[in-house]
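Residue-level structural notes
Chain residues, written in single-letter form:
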Amino acid sequence: MMKATVSDTSTGKVPLKINVFQFVQTANAQLAPMFPYTDPGAIVPCAAAFESDGKGTHIGYFVHENVVDEIVINYANTGRMRTGDVYVGPKEHGVGGDSDEAYFAVQVITQRQLEEGEQSEAMAFNCENCGTEVYRYRYDETEGNVGEIAGLSALPTIFGSNSFALNVNANEDLRTCKSCGHVSRPFPLHIWGWYDYAFRTNVARKAVEEFEGAIAS
Ligand SMILES: [Zn+2]
């Protein structure tokens, strides 16, 4: 008798599992998708790993806005959050921030891509001195998924976050507060890794096309 499997679906997706602690060891970005499903309709568990020495390491802070709920599970934390906490924050939520308390965190943040229609997101940069919003970058589900994607979809949140950080760092005006005149420090993109994810996605897409061309010839 033929045994039905969960993988017999029209989407071609199969159930996958991974150890989150092993995953963050090789993940190239904060919010890296743990599984290769980031297309419309996908449930997207993503992982993050942070640490602060409590001595003012500049981690960076931003506000992320999404139209869907994001479910956070703290797999292991010290500091203000507890190991095992599960929560859903507001659709617009602050992320990061420098801390005078040492802590580390490994989290899984589960996002979702809408089945259809526009999925509006934004990243905002606030003045380090007075908290006034200085710059907001809006993007949608097409960010990172336009043109030749060679079947490799990418998480728009990471591409949008990368564009946000590159813009902020390239233009001092986007870090200059209209309220108090303070010029905030550049965003520490290296801690977040979004550039690496975008860079490797673009290389991998070219590589898939080259590979498929090679085996077809
Ligand atoms: Zn200000």
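Owing to the predicted nature of the structure, the values given are computational and were not obtained by experimental measurement.

About the cut-offs
- Residues numbered from 1 in each chain as written.
- Predicted model: local features only at pLDDT ≥ 70, side-chain atom pairs only at ≥ 80, totals over all residues.
- Heavy atoms only, no water.
- Helix = DSSP H or I, 4+ residues; strand = E, 2+ residues; numbered from the N terminus.
- Rg over C-alpha atoms; globule rule 2.2 N^0.38 Å.
- Buried < 20%, exposed > 50% of the residue type's maximum accessible area, 1.4 Å probe, protein only.
- Contact = heavy atoms within 4.5 Å.
- Areas by Shrake-Rupley, 256 points an atom, 1.4 Å probe, with all protein chains shown as cover.
- Lys, Arg positive; Asp, Glu negative; His and termini not counted.
- Charge placed at Lys NZ, Arg CZ, Asp CG, Glu CD.
- Donors = N, O, S within 2.8 Å, 3.2 Å for Na, K, Ca; no water.
- Tetrahedral: all angles 85-135°; square planar, octahedral: opposite > 155°, others 65-115°.
- Pairing = 2+ DSSP bridges.
- Polar contact = N/O pair within 3.5 Å; in protein donor to acceptor, adjacent residues only side chain to side chain.
- Axes fitted to C-alpha atoms, helices over the stretch in contact; angles between N-to-C directions.
- 1 Å grid on protein atoms, 1.4 Å probe; cavity = no way out; pocket = protein on both sides within 12 Å on 5 of 7 lines; lining within 4 Å.
- Points joined across faces, edges and corners; volume = space filled by probe spheres on them.
- Patch = residues over 30% accessible without salt bridge, like charges linked within 9 Å, V, L, I, M, F, W, Y side chains within 5 Å.
- Salt bridge = Lys/Arg side-chain N within 4 Å of Asp/Glu carboxyl O.

Helix and strand counts for the protein come out as four helices and nine strands. Going residue by residue from the N terminus, the α and β elements of the protein occur as α-β-β-β-β-β-β-β-β-β-α-α-α. Taken over C-alpha atoms, the radius of gyration comes to 19 Å for the protein, in line with the 17 Å a tight globule of 217 residues would show. Projecting the C-alpha coordinates of the protein onto the three principal axes gives extents of approximately 70 × 40 × 30 Å. Across the 217 residues of the protein, 41% fall into the buried class. Pairs at least 24 residues apart make up 66% of the contacts formed inside the protein by residues separated by at least 6 positions. On the protein, roughly 12200 Å² of surface is accessible, and the fraction owed to carbon and sulfur atoms is 55%. Side chains of the protein carry 16 positive and 28 negative charges; the gap between the two charge centres is 5 Å.

In this section: the coordination of the zinc ion. When a metal holds four donors in a tetrahedron, each ideal angle between them is 109.5 degrees; when it holds six in an octahedron, the ideal angles are 90 or 180 degrees. At this site the zinc ion is bound by Cys127 (SG), Cys130 (SG), Cys177 (SG) and Cys180 (SG), with donor distances of 2.3 to 2.4 Å. For the zinc ion, the four donor atoms in the first shell make angles of 103 to 119° at the metal, so the coordination geometry reads as tetrahedral. With a relative accessible area of 39%, Cys130 lands in the partly exposed category.

Another point: the sheet that holds strand S2 (residues 43-52). Strand order in this open sheet of five strands is S1-S2-S7-S4-S5, and the pairing throughout is antiparallel. Looking along the sheet, the strands with just one partner apiece sit at the ends: strand S1 (32-33) and strand S5 (86-88). Bridge analysis of S1 against S2 gives two bridges, and the strand direction is antiparallel. When the sheet's bridge partners are listed, Pro33 is paired in S2 with Cys46.

Position of Ser184 relative to the elements: it lies in the loop between helix H2 (156-170) and helix H3 (189-192). Taking the C-alpha atoms as reference points, Ser184 and Gly54, separated by 130 residues in sequence, lie 20 Å from one another. Engagement of the side chain of Ser184 in a polar contact is seen with the backbone nitrogen of Glu128, the distance being 3.0 Å.

In this structure, strand S4 (residues 71-77) lies alongside S5, joined through three bridges in antiparallel fashion. Following the sheet pairing, Val72 is matched in S5 by Tyr87.

Let us look at the sheet that holds strand S3 (residues 61-66). Ordered by their spatial adjacency, four strands build an open sheet running S6-S3-S8-S9, and the pairing between neighbours is antiparallel. Either end of the sheet is taken by a strand with one partner, and the two such strands are strand S6 (92-96) and strand S9 (133-139). The sheet shows a mean angle of 25° between the axes of neighbouring strands, direction not considered. Pairing of S3 with strand S8 (residues 121-126), which is carried by four bridges, proceeds in the antiparallel orientation. Following the sheet pairing, His64 is matched in S8 by Met123. Running at roughly 140° to S9, H2 makes contact with S3, S8 and S9 of the sheet.

For the rest of this paragraph, the subject is the layout of surface pockets. By volume, the largest pocket amounts to about 770 Å³. If you trace the largest pocket, you find 39 residues lining it, with Tyr87, Gly94, Val95, Gly96 and Gln107 closest to the centre. Broken down by secondary-structure element, the contributors of at least two residues to the lining of the largest pocket are S2, S3, S4, S6, strand S7 (103-112) and H2. Per-element tally for the lining of the largest pocket: the top contributor is S7, with five residues.

Once that is clear, we can look at the pairing of S3. Counting buried positions along S3 gives five out of six residues, so the element sits mostly inside the fold. As paired strands, S3 and S6 are joined by five bridges and run antiparallel to one another. Among the inter-strand pairings, Tyr61 is bridged to a residue of S6, identified as Gly96.

To continue, consider a nonpolar patch on the surface. A contiguous nonpolar surface patch, about 370 Å² in accessible area, is contributed by Leu166, Tyr195, Phe199 and Val203. For the nonpolar patch, the leading source of residues is helix H4 (residues 194-216), giving three residues. Tracing the backbone shows Tyr195 in helix H4.

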